[in-house]
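# Examination of the molecular architecture
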Amino acid sequence: MIIGERKPLEEVFDRTSSFNKILVLGCETCVAVCLAGGKKEAEETAEAISLHRKKENQPVEVKAESVQRQCEFEFIDEFKDLMNDYDVVLSLACGVGVQTMVDRYPEKIVLPGLNTTFLGYPLEQGVWMENCQACGDCVLDKTHGICPITRCTKSMLNGPCGGSSEGKCEISGDIEIECGWHLIHERLKALGKLDYMEEVEPPKNWSTSFHGGPRKIVREDVKIVRGE
Amino acid sequence: MFAGSNLEKVLANGHFAITGELGPMRGTDLGPCLEHAEHMRNHVDAFNITDNQTAVVRIASMATAIKLVERGMDPVMQMTVRDRNRICLQADVLGGASCGVKNFLCIQGDHQTLGSEPQAKGVYDVDSTQLMKVIKDMRDENKFVSGDEMEAPLDAFIGGVVNPFADPFEYRPARFAKKIAAGVNFVQTQCIYDMDRLKEYMKRVVDMGLHEKCYILAGITPLKAIGAAMYMKNNVAGIIIPDEIVKRLKGAKEKPGGVKAEGLKLCVEQIQQVKEIEGIHGAHIMAIAWEEKVPEIVEAVGGLMPRPKFDD
Ligand code: SF4
Ligand code: SF4
């Protein structure tokens with residue numbers, strides 16, 4: 001899922017300081033699950049803005065709401081009326097949600113309340129980890145389920161660099177980062193498939209990733225042709 | 001002969017090769033670097049020029065390499081895949097080669113977050129193994145990655161690095177074999193301090209016959225101070241400094257010449273030891289911020305001077 005982190009409150013206060021009617025809009029899908037942008041976080045954020053503005057002697061009207069999926073028109077359409085009552089939306093959805101809102105309500109200012117950080121999963125309570133960069137040409141079959149693009153800090157395709165030490169990546173500091181290629185090696189060893197570690201993997205085609213420009217998928221088979 | 005560089009000739013003729021490392025400056029004056037090169041001119045066969053070493057911005061390795069060519073020296077132009085995509089890497093190989101550079105050394109490069117510009121975007125379009133193959137295909141097939149034909153041929157002696165001290169240890173010889181399959185002609189190792197581990201690694205390398213397909217230069221770095229040794233031991237991933245070495249340096253504090261003399265002595269002994277290991281074809285001396293000591297080290301090893309000379 002998409003993992004996000006709430007922007008620091010100081011930044012939120014600063015960006016919203018010129019508005020007097022603020023709608024804080026959470027999203028109940030990915031960012032709610034990662035405890036960053038659901039209804040609860042929207043309420044906390046609204047409360048914090050309200051308190052801050054009181055302290056600053058600049059009272060504000062602020063409301064917290066949440067939508068099932070902020071990245072789909074059919075879900076955000078239900079906010080049409082509510083939108084008229086506010087002069088800014090502080091979106092706690094991921095960047096996709098923010099932009100979907102802008103697309104639907106072009107006359108409104110929509111501000112991001114989250115930093116969208118990565119595609120990943122919860123490792124344990126309170127720990128999330130990135131494991132896919134949506135490169136557009138998945139190689140997980142070759143590495144048997146561990147992504148070299150994401151889990152290797154240098155996105156290497158031919159095994160670990162010389163900085164891999166005791167299972168840790170060379171960039172490990174206060175936070176330990178596992179060496180992705182160490183993990184791949186261990187996994188292939190367990191599966192009896194170490195042969196792959198000897199193959200020279202040619203340069204990757206990055207044009208299927210963001211390096212080919214913003215991506216768009218058009219599927220004629222599922223498009224709805226008006227008038228039919 | 002792949003490129004006929006001085007380094008390649010030395011190795012191909014069965015001599016124990018000696019190369020020295022040069023780190024370009026962090027400003028526009030290349031003077032100190034060229035002075036170091038002149039100072040070790042008669043003691044090394046080639047000069048390995050780092051490419052924004054440790055991810056710190058410096059004068060480009062290609063510019064430095066070309067300056068050395070102009071002075072009749074044989075540069076090994078390091079190329080990391082951290083800062084350039086395949087367009088720029090291939091362009092720099094052409095650029096270097098068109099100005100007389102013959103040795104190209106492909107490395108991954110330390111990650112940018114560890115260097116002077118930690119907010120930089122890393123490139124990593126190809127990895128170091130792929131870069132070897134890219135240069136090999138340019139040289140042997142006359143083709144760019146895209147498959148397009150080059151307009152004029154490339155001569156290149158392709159270098160790389162191997163690290164017997166990184167993990168997983170059991171995989172390291174296979175990784176070396178992969179680099180050979182990708183086209184590497186010579187490699188230099190990470191700085192050696194743990195002789196036992198190097199010997200174990202080389203035993204496996206020799207058993208696999210890799211030393212017959214690729215020249216191996218042992219990476220040697222003299223230790224100048226106990227602090228430097230401790231820093232490397234604790235903070236540089238992929239370098240192993242055994243406790244005995246630290247102990248030996250500490251024990252030398254009161255001796256004449258102190259830690260520095262002991263560090264040089266240790267370095268000379270290391271070169272003497274690696275010379276005896278089957279499969280090692282030379283030594284690459286990385287006397288970081290101590291380049292002026294290279295001639296002294298080479299002379300002290302014994303039997304290395306004068307360096308072989310070839311008529312062009
Ligand atoms: S290979 Fe590409 S698509 Fe597959 S997990 Fe990695 S980044 Fe995602
Ligand atoms: S240490 Fe491992 S994860 Fe880190 S860059 Fe090297 S190979 Fe990749």
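Worth saying up front: this structure is predicted, and the values here are computed from it rather than measured.

Another aspect to go through is helix 8 (residues 226-235) of chain B. All names here are of chain B. Taken together, the buried positions of helix 8 are occupied by I226, A229 and M232. Mapping the buried residues of helix 8 onto a view down its axis gives an arc of 130 degrees, with all of them on the same face. Turned more than 90 degrees away from the buried face of helix 8, the exposed residues are G227, Y231 and N234. Here the buried face of helix 8 lies against helix 9 (243-251) and helix 10 (258-275).

Residue and element names in this part refer to chain A. Around ligand 1, the structure places N131, C132, Q133, A134, C135, C138, V139, L140, C147, I149 and T150. Every element with two or more residues in the shell around ligand 1 is listed here: strand 7 (127-132) and helix 7 (148-151). A breakdown of the residues in the shell around ligand 1 according to their chemical character gives eight nonpolar, three polar and no charged.

Residues and elements named next belong to chain A. Residues Y121, L123 and V127 make up a contiguous nonpolar surface patch of roughly 230 Å² in combined accessible area. Locating V127 in the fold gives a position in strand 7. The exposure class assigned to V127 is partly exposed, which follows from its relative accessible area of 31%.

This paragraph deals with the sheet that holds strand 3 (residues 61-67) of chain A. All names here are of chain A. Overall, parallel pairing links the four strands, which are arranged 3-2-4-5 in an open sheet. The open sheet has two free edges, formed respectively by strand 3 and strand 5 (109-112), since each of these has just one partner strand. Here the strands of the sheet are splayed against their neighbours by 25 degrees on average, with no regard to which way each runs. In terms of strand pairing, strand 2 (residues 21-27) meets strand 3 through seven bridges, oriented parallel. Its bridge partner being in strand 3, V24 is matched across the sheet by A64.

Scoring rules and cut-offs
- Residues numbered from 1 in each chain as written.
- Chains lettered and ligands numbered in written order.
- Predicted model: local features only at pLDDT ≥ 70, side-chain atom pairs only at ≥ 80, totals over all residues.
- Heavy atoms only, no water.
- Buried < 20%, exposed > 50% of the residue type's maximum accessible area, 1.4 Å probe, protein only.
- Helix = DSSP H or I, 4+ residues; strand = E, 2+ residues; numbered from the N terminus.
- Arc of directions from axis to C-beta.
- Contact = heavy atoms within 4.5 Å.
- Near = heavy atom within 4 Å.
- Nonpolar A, V, L, I, M, F, W, Y, C, P; charged D, E, K, R; others polar.
- Patch = residues over 30% accessible without salt bridge, like charges linked within 9 Å, V, L, I, M, F, W, Y side chains within 5 Å.
- Areas by Shrake-Rupley, 256 points an atom, 1.4 Å probe, with all protein chains shown as cover.
- Salt bridge = Lys/Arg side-chain N within 4 Å of Asp/Glu carboxyl O.
- Pairing = 2+ DSSP bridges.
- Axes fitted to C-alpha atoms, helices over the stretch in contact; angles between N-to-C directions.

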